[in-house]
Structures are given as C-alpha cells and as structure tokens.
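Observations on the three-dimensional arrangement
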Amino acid sequence: MRLPLTVARHPGCSESRPRRKPAERFAPLLAAALLLASCGGPTAPAVPGGQGGSTHTAPAVASLKVSADQALALIGSADAQTLLRVSSAGTVTVTVDRAPAGLTVTAESARPDGADTLIPLRVQGRPSTTGTQSITVTVTSAGKSATLTLPVLTFAVHPIVVGAGSPYEASGMKFEAGGTVLLRAPVSANEESRHHLLRFDPDQNSFTLLGFGLGGFETITSHAVAPDGRVWVTVRSALSDGSVLISRDSAGQIKRHAVGATADTINGATPTADRVWFTQYTRDRVAALNPASGEVTSYAVEENAEDLTLGANGHLYYTRFYADPAIIGLDPATGKTTAYRVGIPGKSLPDALTAAPDGTLWFIEVRTGTVWNLNPATGQQSQLALPAGARPTELAVAPDGTLWVGDSTQARLYRAQSGGTSTLTVPVLTQNGKAAGPHALAAGPDRRVWYEAAGQLVRLD
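Here's a quick rundown of the structure.

Re the overall build of the protein chain
From N to C terminus, the protein chain includes one helix and 39 strands. Buried residues in the protein chain amount to 51% of all 461 residues. Counted over contacts in the protein chain with a minimum sequence separation of 6, partners at least 24 positions apart contribute 51%.

Considerations on the pairing of strand β9 (residues 116-125)
Most of β9 is tucked away: eight of the 10 residues are buried. Alignment of strand β7 (residues 103-107) against β9, held across five bridges, turns out to be antiparallel. When the sheet's bridge partners are listed, Thr104 is paired in β9 with Gln124. In the sheet, strand β8 (residues 111-113) pairs with β9 via three bridges, with the strands oriented antiparallel. Each residue of the ladder has a partner; that of Arg111, found in β9, is Leu118. Here β8 folds back onto β9, and the loop between the two strands holds two residues, one of which, Gly114, carries a positive phi near 65°.

Considering the sheet that holds strand β28 (residues 337-341)
On the basis of which strands lie adjacent, the open sheet formed by four strands has the order β25-β26-β27-β28 and antiparallel pairing. Every interior strand has two partners, whereas the edge strands, β25 (306-310) and β28, have only one. Between one strand and the next, the sheet's axes are offset by a mean angle of 20°, whatever the strand orientation. Where strand β26 (residues 316-320) and strand β27 (residues 326-330) come together, five bridges link them in antiparallel fashion. Bridged to Thr319 within β27 is Ile327.

Examining the pattern of salt bridges
For the coordinates displayed, the defined rule picks out 10 salt bridges. Of the charged contacts, one joins Arg85 and Asp116 as a salt bridge, the two residues approaching to 3.0 Å between their closest N and O atoms. One end of the pair, Arg85, is in strand β5 (residues 80-87); the other, Asp116, is in strand β9, with 31 residues separating them in the sequence. We classify Arg85 as buried; its relative accessible area is 17%. Accessibility expressed as a relative area gives 15% for Asp116, which makes it buried. Across the salt bridge formed by Asp400 and Arg447, the nearest N and O atoms sit 3.2 Å from each other. With Asp400 in the loop between β33 (394-397) and β34 (403-407) and Arg447 in the loop between β37 (439-443) and β38 (449-453), the pair connects residues that are 47 residues apart, well separated along the chain.

Some remarks on the side chain of Thr370
Inspection of the secondary structure assignment puts Thr370 in strand β31 (residues 370-374). Within polar-contact distance, the side chain of Thr370 engages the side chain of Trp372 at 2.9 Å. Not counting residues up to four positions away in its chain, the partners in contact with Thr370 are Phe363, Ile364, Glu365, Gln383 and Pro392.

Some details on the pairing of strand β30 (residues 361-365)
Taking burial as the measure, the five residues of β30 include five buried ones, the bulk of the element. The side-chain alternation of β30 yields two buried faces, one formed by Leu361, Phe363 and Glu365 and the other by Trp362 and Ile364. The pairing of strand β29 (residues 350-355) with β30 spans four bridges and is antiparallel. Considered in β30, the bridge of Pro350 is made with Glu365. Pairing of β30 with β31 involves five bridges; the strand directions are antiparallel. Residue pairing for β31: Trp362 is matched across the bridge by Asn373. Here β30 folds back onto β31, and the loop between the two strands holds four residues, one of which, Gly369, carries a positive phi near 65°.

Digging into the sheet that holds β33
A sheet is described by the order of its strands in space; here four strands give the open sequence β33-β34-β35-β36, paired in antiparallel fashion. Since the sheet does not close on itself, it has two edges, and those belong to β33 and β36 (424-427), each with one partner. With strand direction ignored, the average angle separating the axes of adjacent strands in the sheet is 25°. The pairing of β34 with strand β35 (residues 412-416) spans five bridges and is antiparallel. Across the sheet, the residue bridging to Asp407 is Arg412, located in β35.

Section: the packing of aromatic side chains
One pass over the structure, following the stated rule, counts four aromatic pairs. A centroid spacing of 4.5 Å and a plane angle of 65° characterise the contact between Phe321 and Tyr322, whose relative ring orientation is edge-to-face. Within the aromatic cluster, the residues linked to one another by ring pairs are Phe200, Phe207 and Trp450.

Digging into the nonpolar core
As a rule of thumb, nonpolar side chains are buried together in soluble globular proteins. Grouped together as the largest cluster of nonpolar side chains are 19 residues, with contacts concentrated most on Leu84, Val105, Ile119, Leu121, Ile135 and Val137. Counting only elements with at least two residues in this core, the list comes to β5, β6 (92-98), β7, β9, β10 (133-141) and β11 (144-153). Counting 17 residues, the second largest nonpolar core, distinct from the first, contains Ala443, Tyr451, Ala453 and Val458.

How each quantity is defined
- Residues numbered from 1 in each chain as written.
- Predicted model: local features only at pLDDT ≥ 70, side-chain atom pairs only at ≥ 80, totals over all residues.
- Heavy atoms only, no water.
- Helix = DSSP H or I, 4+ residues; strand = E, 2+ residues; numbered from the N terminus.
- Buried < 20%, exposed > 50% of the residue type's maximum accessible area, 1.4 Å probe, protein only.
- Contact = heavy atoms within 4.5 Å.
- Pairing = 2+ DSSP bridges.
- Axes fitted to C-alpha atoms, helices over the stretch in contact; angles between N-to-C directions.
- Salt bridge = Lys/Arg side-chain N within 4 Å of Asp/Glu carboxyl O.
- Polar contact = N/O pair within 3.5 Å; in protein donor to acceptor, adjacent residues only side chain to side chain.
- Phe/Tyr/Trp six-rings, centres within 6.5 Å; stacked < 30°, edge-to-face > 60°.
- Core = buried A, V, L, I, M, F, W, Y, C linked by side-chain atoms within 4.5 Å.

Laid out in structure tokens, this is it:
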C-alpha cells in the first residue's frame, strides 16, 4: 500500500514534533522498536501506514538522495521515530513496503532543512516476535526511487535495586555461563559496592550481591570470569598481604591469592587456561598467577600498562601512553613483546582496548576523541568514521564482529557492522528519562548488548 504522502513544497512549512508518552507510564521491563538506517534491501507487499504532508520550495537537485538523518527511540507503547532526509526537486512519495507484525509505521508531516526535506517516519507498538527483523521503505521523486532497510531492535530495561544506599553506577561488566551478568562499581563507590560484585539473573529479573570477604578500605578494581567458571577479582588492599587476587567458585568458596604487590594497585584481571594475568600500575609490570602452584611470573613494561585484554590469537595486549604511546602485544608462551606505535608521541592516549573476533583490536584515542582499529598481523591502522561532535568513552565488540561505541557525553551509542568504516547512531534508553551513560558497555556471547545508565541495566537485542 502506498502512503499518500505528497510533498509539493513552498516556504510556508512549519515544524511539529510527535507527542511522547510520559516516562512515568513505563513498566520495569519494557521493549521498544529502534530504527537504525542502512541502504539497500528487497521490497515486499505494502503494509498499512498513516499519512501527513507539508510544503516548501527547494532548489532543483540533479538526482534523488535518501538517507536516515537520525534514529530516536522510546520504550514500551511509546513511539520510535527516524527522519528520512530527501534531496530532490518535486513531489516526494513514501511507501512502506514491509514491517514486522505488531508495528504500525506512519510517514508524518514533512519539514524543510536547507535544500533537503525531512520526513519523520513514526513507528508504534512492539514486534510480536523476536529475532532479526526490519522495516523497508521506498522513497520516490521525479521518476527516481531509493529503498532503505531499517533493522528493528528491542530493548529491556531493569532498574537496579541493591541495598538502601545511593543509586548504583557500574564501571565494568562481564558474563557468566548461563547468561547471568556481573557488574562492578567504580572504586569511588560506597563500601558495600566496592566490596561486592552485583549479579543480575535475567531469568529471575533479580539482582544479588556477590561477596569476596573484603573489609575496610579494600576495593575491587577489576573482575573476570575464567574458563572453569571461577570469578576472579583484583583487589587494592593495604593489609599485610598487600593487593591480592581473589577467586570465587560456583559453590561460593573464596580463595585469597597474595601476588607480592604490597599496596600497589593491580588491575586488568584476564584469565587464560592455566593462569590469571593482571597489571601492577605503579610498578610498571604485567604479571600472571598460576592458581595451582601460587607462582607469580612478572614482566617489566615501559611506562604504565593499561587495558590488558586477551586477543583472538591467544596473545595479550595492553596500552602504553605518555612519551611513546603504543599498543603492546605480549606472547604468554615466551614473554616476547611487540610494540605497535599509535598517535603522536607525548600527546596521544590510547584507551579502552578491545579485542575483535577477527584478530584485530579496537581502541579510543582520548586526545582526539577518535576510534581506531589495529591489525597486529600487518600493523595496519584505520580510523572509524563517527558523527560530528562524538566523544567516545567505551567500546564493545559482539561475537559477530559488530562494534558498539559508547558516548556518555552525548548519551548515545554508535554501531558499526563488522568490516565497516562508518556508524549508525542509537540513543541511550532509560526508564526514567535520564540520559546518564552508557556505562560498563559490554556485548554478551549471545550478541546482546548491555549497559548501565541512570541506575538501570539496559539490554539491547
């Protein structure tokens, strides 16, 4: 069915905004449609849609160009909207070719934006089935047409409830077998949060504190889940045994491992098959604990080692900054290191190092606010295109290679398909309308993306 949206343009066009339902009506667990634009896709029999129109005059354009200008989304029964940007002279017609069951798609009143026309495409309801779905629209003008496919994603929002203290904020997230989520609070959090991890069970929709026998000024600085299922935390401590690694098994048994770090800050817990690796911040060391023997092997590094991560090839990688910024690869079998210099000496600060399934590494260059990909096999580096004004703060890579970039300054996510060089924008969703976050951005083994924002745990399917 063709949407009867006809745009005969003249200067009298006025803007209007779709009405939004109040955030107070949102339920604790809600799902929404989110539109992310990408070109291409087949057409299908038309589906019912609404209509709207406005007019203005624009200069002639030689060819028809259509893109999705932005993506917006709200939760539950509220509306999701994306703006179609059309560059063309003459009448514009929008056709909704395909939409998932449970969604109503409506092209609303057009409005001018310089030489272009913006057409809000409004989506109401929620998909009646899960899995990968999409909406297909075709825009026709002056004898030309362009088709866009808009993938449909769903959200679930879980308000974090823990104790009677201040609202919870996360700084790290990991996943256990079975789908449970482990959150870590910042080192500046209250004592309860600094001494525990927070476990979320999606099946029960419940949060529980996971203890490690800590007390006083001890603080969890990082956490990880080992291949055998044990949960490991690095702990900054001024007690007699110094900063320690602590393990907790599935039965709740806790074991404290002294690693000779005195009161030094240790970080970056990274388990491999037979060892647990970590960094010693002020001692400029990368070290590994053999849990079976208690032996600690230590490697000197130049300047501070940060962002320790395990690459797809089994090598460890970490960032180096200050005088000679680089990504450093460490072969755990030999201790040999390889430096991949990045940015500008004395200025660049590589951060948020994240391994991808294809063997490459993603990182943020904090000074310039850019995202880069490094291929350790070739040394090649390439920059990811981000929207103007983006300030990336966190990265996560899904098992299929999709990259997610968190931007807490803009309260947005940017998504890049595996092998892609550009991104699509996703707004950060919360139940209470606050835009803080995303924090602790992570992609699970099932490709679902999680983050914390404004004291709520959000899952994007």
